[in-house]
Amino acid sequence: MNFLRGVMGGQSAGPQHTEAETIQKLCDRVASSTLLDDRRDAVRALKSLSKKYRLEVGIQAMEHLIRVLQTDRSDSEIIGYALDTLYNIISNDEEEEVEENSTRQSEDLGSQFTEIFIKQQENVTLLLSLLEEFDFHVRWPGVKLLTSLLKQLGPQVQQIILVSPMGVSRLMDLLADSREVIRNDGVLLLQALTRSNGAIQKIVAFENAFERLLDIITEEGNSDGVVEDCLILLQNLLKNNNSNQNFFKEGSYIQRMKPWFEVGDENSGWSAQKVTNLHLMLQLVRVLVSPNNPPGATSSCQKAMFQCGLLQQLCTILMATGVPADILTETINTVSEVIRGCQVNQDYFASVNAPSNPPRPAIVVLLMSMVNERQPFVLRCAVLYCFQCFLYKNQKGQGEIVSTLLPSTIDATGNTVSAGQLLCGGLFSTDSLSNWCAAVALAHALQENATQKEQLLRVQLATSIGNPPVSLLQQCTNILSQGDKINRRGSKIQTRVGLLMLLCTWLSNCPIAVTHFLHNSANVPFLTGQIAENLGEEEQLVQGLCALLLGISIYFNDNSLETYMKEKLKQLIEKRIGKENFIEKLGFISKHELYSRASQKPQPNFPSPEYMIFDHEFTKLVKELEGVITKAIYKSSEEDKKEEEVKKTLEQHDSIVTHYKNMIREQDLQLEELKQQISTLKCQNEQLQTAVTQQVSQIQQHKDQYNLLKVQLGKDSQHQGLYSDGAQMNGVQPEEELATLKSQLNSQSMEIAKLQTEKQELLQKTEAFVKSAPVPGESETVIATKTTDVEGRLSALLQETKELKNEIKALSEERTAIKEQLDSSNSTIAILQNEKNKLEVDIIDAKREQDDLLVLLADQDQKIFSLKNKLKELGHPVEEEDELESGDQDDEDDEDEDDGKEQGHI
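(A) Seen up close, the overall build of the chain. Looking only at helices and strands, the chain features 41 helices and four strands. Within the structure as shown, the chain displays about 47100 Å² of accessible surface, and the carbon and sulfur contribution to it stands at 49%.

Next up, the structure:
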């Protein structure tokens, strides 16, 4: 602590000598007193002195206070005093900012005492363990102290907490504390803990932070409650953290954001707290759909916001009345990023109407604000951004905007105003900022869309009564050539920069537009004159843009105008400007101080109108074209011819490759059909196998029944009925099953034959495809390079066809085996049928024999009865009836055994 004593010694006004002695005595009492009451009183006295004599108390008492935290945990009161004293020593919050030097010295003291405290990591771990105490007098000062430590030396304290067992989890319990003051300060603690630390942010998120924070926001009344700190913490957890963003989306937490923006009617009032909350809520939405996020993550969040109705709720605020200007501006920026590059959301936004009479599209209402110079600058920038995001990767929307300028769609009555008319009005107004915004907005309607660039060439403008209309392209160049002759409000170069960016975007990758531009004989001399002049620094940017436009006219020139062919334009540059001078002027664009700022992010965010010079998408176009134009200027005519020949050859090859791709796509479809047929055949084969298994099982049942009949033939005539029932195989006659099986086999044979025919056709197409000769005049090397992928694809197709052939062969073999099994089954059934017929004849014969025996037995009984009567008459004794019957039964059993032996012998 020597350096702290040095600081103390250097103070101009320190504590009184008696106060220093008092602090020392108090520290001695804390260290040596055996009574808890004495130590508690001493710590309480140190707390009262710690604010006024912060340095002295910190130097002398910190070590003793830490020891109190370690040894006196059983007494919450002394622990609370110790924590409060440490907070007063370390924190800068309570200091009165009397002088700048005093404030700086106070901040230094805070960081120095923090460094002493965390030098022993066990001190932070001890503090974390104290936060588990539920006692208010321990937990609350502990939360404040840890928050102060994080504010002073955040990264170091974060690292200690990160490696501490369950360190972050202990702090998460603070959000569940029923005491509002502890819960609120716990939120502030987590804010400091999660700042700029992705690892801790992930742990906090997976400790159910999103659920708890959203519950708090709901309990407090959403945008009407005091939820600012919770929203800031949510931003800390989500901003630039892709893992947490995905977890937030997958947890369906986006759906819980919708009620935030249900702001009620316009008479409900807009308190300062509500405005602050909505700002943070809108920024939180933007964090999830920021253009800086991975495209996949942004897209999934955008879709979720549409599906849960969040986008619709934002559009409601957008079209509502009475919304504060700053909230409206931020809502426009938020809607912009929710729809940017998402076709579904862009289509919905195009359908939104403002609640006016008659209803007007939201896009039209917003564009009215953009070209209205009385609107706030930040609002106009937000509308421009919204329009750019609506058109970003949205060719359908681009077509709809351009179509409002075409003659066939313009409302002749003038009752309604369209987006195209507003853009043209802004393009030719006397407000330079409106000129720039309209030019950039129109350029975005043409971005990467050759069709709309050609369509825009059809637009005709009526300049004045009695004069013929002029094209939009011509009118732009006319205004550009007038320069500063027209008196405009705002920047001198803003209008020309906007028009030049529009023309460069329009002509790039569109030879037809280049031809139209060059067809006006005044355009090229104007550009060369602008580039060749030695102008001031402010005009250098205009010179650079003129050089870019002329370079585009050369690079995308199809040589359809003999007067301004590529070579002639390059000769003109060499003669009037000089190639080196031309390239130097071209470089003025990317060297401009505002160029790099605009290239960083797509949102047009400028501090004031004079900084509004470059558009983000245009900076990407410059980066793309600057190098190729430089090369094109230095190329000779022979190199140009060779390049044209190579381009034509590549176009031919591209058409061939496209043809091959289409053929491969067709073959892929055919292969899919064949695979489906094979799958069907496999299913049929499995069904046939099942049928055969059932047939074999039923044949075995026949055999078992046949053997049973042979055993039971002489016993009972009811066996015939049992056999007849057994011959019904599960309710289906053998003949019917056989017919069904044959029908299935015939169907399978037809399927296999059809499959073989289709396979043969596919093989013929493939062979013709392989043998197809290249187009005459093609370079063999280029052909080989371009068709390598195609040949590989064909090889794969041939291999797959071969595999299909093998599968068909295997199915054919299986069918043959099944047919043989069926033939064997038919033979077995025929044999069984013959045996059945024989058994039926034997049963009839046996029945007849039984009838005869019954007749003989009846006669014998009659004779025995008559003989018994005669014996009785003669006086001879006669056996009792029971004994006689018993003897008769024995005789019958003997006869049955003899009959059984005879049948077995037979």
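(B) Just the environment of Q474, in detail. Looking at where Q474 falls in the secondary structure, it is placed in helix α27 (residues 472–482). The sequence separation of Q474 and Q460 amounts to 14 residues, and the corresponding C-alpha distance is 9.3 Å.

(C) Focus on the side chain of N222. Its place among the elements puts N222 in the loop between α13 (209–219) and α14 (228–238). With a relative accessible area of 16%, N222 lands in the buried category. Aside from chain neighbours lying at most four places away, what touches N222 is I217, V227, P259, W260, N277 and M281.

(D) Structural detail: the packing of aromatic side chains. In the structure shown here, the tally under the stated rule is 12 aromatic pairs. Summarising the aromatic geometry, the rings of W260 and F261 are spaced 6.4 Å apart at their centres and angled 55° between planes, so their arrangement reads as tilted. Of the two residues, W260 and F261, both sit in the buried class. Arranged with centres 6.3 Å apart and planes meeting at 90°, the rings of W436 and F606 form a pair that is edge-to-face. Pair noted here: W436 is in helix α25 (residues 432–444) and F606 is in the loop between α35 (595–598) and α36 (616–634), with a separation of 170 residues, a long-range link. We note that W436, like F606, is buried. Ring pairs connect the aromatic residues F206, F210, F247, F248 and Y253, which therefore count as one cluster. If you follow K144 out to its NZ or CZ, it ends over the ring of Y87, 5.2 Å from the centre. The lysine or arginine in question, R179, covers the ring of F134, its NZ or CZ lying 3.8 Å from the ring centre.

(E) Inspection of helix α11 (residues 180–194) at higher detail. Helix length check: α11, at 15 residues, gives a terminal C-alpha distance of 21 Å against a target of 21 Å (1.5 Å per residue), a fit within 8%. With 11 of 15 residues buried, α11 lies mostly within the body of the structure. Check the buried side of α11 and you find it contacts α8 (136–152), α9 (154–163), α10 (167–172), α12 (198–206), α13 and α14. In the stretch just after α11, S196 is the one whose phi turns positive, near 60°.

(F) Layout of the environment of F588. Following the sequence through the fold, F588 ends up in helix α34 (residues 588–591). A residue is classified by how much of its surface remains accessible, and F588, at 18% relative accessible area, is buried. With 43 residues separating them in the primary sequence, F588 and L545 have C-alpha atoms 8.4 Å apart. Sequence-distant contacts of F588, that is, excluding residues within four places in its chain, are made with Q540, Q543 and G544.

(G) Structural view of the side chain of H616. Locating H616 in the fold gives a position in helix α36. One polar contact links the side chain of H616 to the main-chain carbonyl oxygen of A598, over a distance of 3.0 Å.

(H) Looking closely at a negative patch on the surface. A cluster of acidic side chains, namely D842, D845, E849, D851 and D852, defines a negative patch on the protein surface. The partly exposed category is assigned to D845, whose relative accessible area is 33%.

(I) Broad picture of the pattern of salt bridges. Considering all chains together, one arrives at 25 salt bridges under this definition. When the shortest N-O distance is used, the salt bridge between D72 and R39 registers 3.0 Å. One end of the pair, D72, is in the loop between α4 (54–71) and α5 (76–90); the other, R39, is in helix α3 (residues 36–50), with 33 residues separating them in the sequence. By relative accessible area, which is 14% here, R39 ends up buried. Two residues, R183 and E219, come together in a salt bridge whose shortest N-O distance is 3.9 Å. One end of the pair, R183, is in helix α11; the other, E219, is in helix α13, and 36 residues separate them in sequence. Residue classification places R183 among the buried residues on the basis of a relative accessible area of 11%. Overall, the relative accessible area of 60% leaves E219 in the exposed class. Put simply, D37, R40, D41, R44, D75 and E77 are held in one network by salt bridges that share partners.

(J) Looking closely at the packing of α8 against α11. For the pair α8 and α11, the least separation of the axes is 9 Å and the interaxial angle reads 25°. In terms of their interaxial angle, α8 and α11 are classed as roughly parallel. As α8 runs across α11, the sense of the crossing is left-handed. Residues F136, R139, W140, V143, K144, L146, T147 and L150 of α8 pack against V181, I182, D185, G186, L188, L189, A192 and L193 of α11. Among the residues forming the contact of α8 with α11, the class breakdown is 11 nonpolar, two polar and three charged.

(K) Structural context of helix α20 (residues 343–351). For α20, every residue scored as buried is listed here: N345, Q346 and F349. An end-on view of α20 places all buried positions within 100° of arc, on one side of the element. Along its buried surface, α20 packs onto α17 (295–307), α18 (310–319), α19 (325–339), α21 (362–370) and α22 (377–391).

(L) Region of interest: the packing of α20 against α22. One can describe the packing of α20 onto α22 by two numbers: an axis separation of 9 Å at closest approach and a directional angle of 125°. Of the possible angle classes, the one that applies to α20 and α22 is oblique. Each of Q346, F349 and A350 in α20 lies in contact with α22, whose residues at this interface are C386, C389 and F390. Along the lines of polarity and charge, the residues of the contact of α20 with α22 split into five nonpolar, one polar and no charged.

Reading guide: rules and limits
- Residues numbered from 1 in each chain as written.
- Predicted model: local features only at pLDDT ≥ 70, side-chain atom pairs only at ≥ 80, totals over all residues.
- Heavy atoms only, no water.
- Helix = DSSP H or I, 4+ residues; strand = E, 2+ residues; numbered from the N terminus.
- Areas by Shrake-Rupley, 256 points an atom, 1.4 Å probe, with all protein chains shown as cover.
- Buried < 20%, exposed > 50% of the residue type's maximum accessible area, 1.4 Å probe, protein only.
- Contact = heavy atoms within 4.5 Å.
- Phe/Tyr/Trp six-rings, centres within 6.5 Å; stacked < 30°, edge-to-face > 60°.
- Lys NZ or Arg CZ within 6 Å of the ring centre and 35° of its normal.
- Expected span 1.5 Å × (residues − 1).
- Polar contact = N/O pair within 3.5 Å; in protein donor to acceptor, adjacent residues only side chain to side chain.
- Patch = residues over 30% accessible without salt bridge, like charges linked within 9 Å, V, L, I, M, F, W, Y side chains within 5 Å.
- Salt bridge = Lys/Arg side-chain N within 4 Å of Asp/Glu carboxyl O.
- Lys, Arg positive; Asp, Glu negative; His and termini not counted.
- Charge placed at Lys NZ, Arg CZ, Asp CG, Glu CD.
- Axes fitted to C-alpha atoms, helices over the stretch in contact; angles between N-to-C directions.
- Parallel < 35°, antiparallel > 145°, perpendicular 65-115°, else oblique.
- Left-handed = near helix turned anticlockwise from the far one by under 90°.
- Nonpolar A, V, L, I, M, F, W, Y, C, P; charged D, E, K, R; others polar.
- Arc of directions from axis to C-beta.

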